Amino acid sequence: MKWTNDRADNVEDRRGSGGGGMLVGGGLGTLIIAAIIFFLGGDPSSVLSGGLENSAPTEQRQLTKEELQIKEFVRMLSFENNETWTKIFSENGLQYEKPKIVLFENVTQSGCGTAQSSMGPFYCPADQTVYMDMSFFGELQSKFGAKATEFTVAYVMAHEIGHHIQTLLGTTQKVDQQRRSGQYSEGEMNKISVATELQADFFAGVWAKQTNNREHFLEPGDIESAMEAAAAVGDDNIQKRSTGYVNQEAFTHGSSQQRVEWFTKGYDTGDIREGNTFEQLLK
């Protein structure tokens, strides 16, 4: 993808600042549960505490040239997300509020509790912040079979900002109310979670389309790399790689096919009004 000359001022880089050590232990199932709690605004510490250990605190250090370049890239992506969503919200009579982006390594504190790198990038609605440990993209390639490119990073970040869009629109709050009501079974809440995640994929596609219309930043292969990443983090792919079998009732993010389908729909239409995944999936 082509870089633009724009940079946002809402990116905080905590890498190299020292602090708590890496949290280790816990299985993939635990991390998925913790990620759901994170998304819903809760504190996953009670889930993560079992089987987790603190290593020695990390020391302060200077960021490398490559790390500084990554920060500039994330600042650019943040700016382009803010520009696109400000325009979309304005066109629909709404006011956009930009999220904060935090880069960290190993472990940091968030408004949703302790964040660790093994959870991957996530959005915390409590402080309206996207948290990203960039080591995730190496794992995406080594563990889940997706080649990590610049636009892979762009897709993942746009997906997390998609959750911010849901918070601004009140969707996150409605899902949280449904969870707290106790009226829904675990299976029903899983389906609601899938609809939530697929809508974030749809929003990522809308962002890619509208930003490219403005900046012409896409290059051959970019959209394909996003779809490859979306497929890699599908529930079926993750389950098959981690357990050897697929349990559709336990899906919380959607299958590989669904994730590609909704990202593609967002990109093809470029219209936020076409992304009612809840109506489509919860009939």
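We now turn to the structure provided with this report. Small disclaimer: the values here were computed from a predicted structure and weren't measured.

Direction vectors running N to C along helix 6 (residues 171–181) and helix 7 (residues 186–215) enclose 170 degrees, while the axes themselves pass 11 Å from each other. In terms of orientation, helix 6 lies roughly antiparallel with respect to helix 7. Across from Thr171, Val175, Gln178 and Arg179 in helix 6, the residues of helix 7 making contact are Met189, Ile192, Thr196 and Gln199. For the contact of helix 6 with helix 7, the class distribution of residues is 3 nonpolar, 4 polar and 1 charged.

Before going further, it helps to spend a moment on the pairing of strand 4 (residues 100–103). Strand direction decides the pairing type here: strand 1 (residues 11–13) and strand 4, joined by 3 bridges, are parallel. If you follow Glu12 over to strand 4, its bridge partner there is Val102. Across 4 bridges, the pairing between strand 4 and strand 8 (residues 129–132) is parallel. When the sheet's bridge partners are listed, Ile101 is paired in strand 8 with Val130.

Tallying each qualifying case throughout the model produces 12 aromatic pairs. Note on Trp85 and Phe203: the rings are 5.7 Å apart at their centroids and 75 degrees apart in plane angle, and the pair reads as edge-to-face. With Trp85 in helix 3 (residues 65–91) and Phe203 in helix 7, this residue pair connects regions lying 118 residues apart in the sequence. The burial state of Trp85 is the same as that of Phe203; both residues are buried. Judged by centre distance (5.2 Å) and plane angle (80 degrees), the ring pair of Phe136 and Phe137 falls under edge-to-face. Pair check on accessibility: Phe136 and Phe137 agree, each one buried.

Where helix 7 meets helix 10 (residues 256–269), the axes come as close as 6 Å, and the angle between the chain directions of the two elements is 35 degrees. Note that helix 7 runs across helix 10; the crossing there is right-handed. Between helix 7 and helix 10, the residues in contact are Val194, Leu198, Asp201, Phe202, Ala204, Gly205, Val206, Ala208, Lys209 and Asn212 and Gln258, Arg259, Trp262, Phe263, Lys265, Gly266, Tyr267, Asp268 and Thr269, respectively. Per-class residue counts for the contact of helix 7 with helix 10 are 9 nonpolar, 5 polar and 5 charged.

We now examine helix 6. Taken together, the buried positions of helix 6 are occupied by Thr171, Thr172, Val175 and Asp176. Buried positions in helix 6, seen along its axis, are confined to an arc of 135 degrees and lie on one side of it. Of the exposed residues in helix 6, the ones pointing more than 90 degrees away from its buried face are Lys174, Gln177 and Arg180. Among the residues trailing helix 6, Gly182 stands out with phi positive, at a value near 75 degrees.

So, on to the nonpolar core. Ranked by size, the top nonpolar core spans 52 residues in total, and within it Leu77, Trp85, Leu140, Phe151 and Trp207 carry the most contacts. Among the secondary structure elements, those contributing two or more residues to this core are helix 3, strand 4, strand 8, helix 4 (136–144), helix 5 (150–169), helix 7, helix 8 (222–232) and helix 10. In terms of nonpolar packing, the next biggest core, distinct from the first, is built from 7 residues, Val102, Cys112, Ala115 and Phe122 among them.

Thresholds, definitions, all that
Residues numbered from 1 in each chain as written. Predicted model: local features only at pLDDT ≥ 70, side-chain atom pairs only at ≥ 80, totals over all residues. Heavy atoms only, no water. Axes fitted to C-alpha atoms, helices over the stretch in contact; angles between N-to-C directions. Helix = DSSP H or I, 4+ residues; strand = E, 2+ residues; numbered from the N terminus. Parallel < 35°, antiparallel > 145°, perpendicular 65-115°, else oblique. Contact = heavy atoms within 4.5 Å. Nonpolar A, V, L, I, M, F, W, Y, C, P; charged D, E, K, R; others polar. Pairing = 2+ DSSP bridges. Phe/Tyr/Trp six-rings, centres within 6.5 Å; stacked < 30°, edge-to-face > 60°. Buried < 20%, exposed > 50% of the residue type's maximum accessible area, 1.4 Å probe, protein only. Left-handed = near helix turned anticlockwise from the far one by under 90°. Arc of directions from axis to C-beta. Core = buried A, V, L, I, M, F, W, Y, C linked by side-chain atoms within 4.5 Å.

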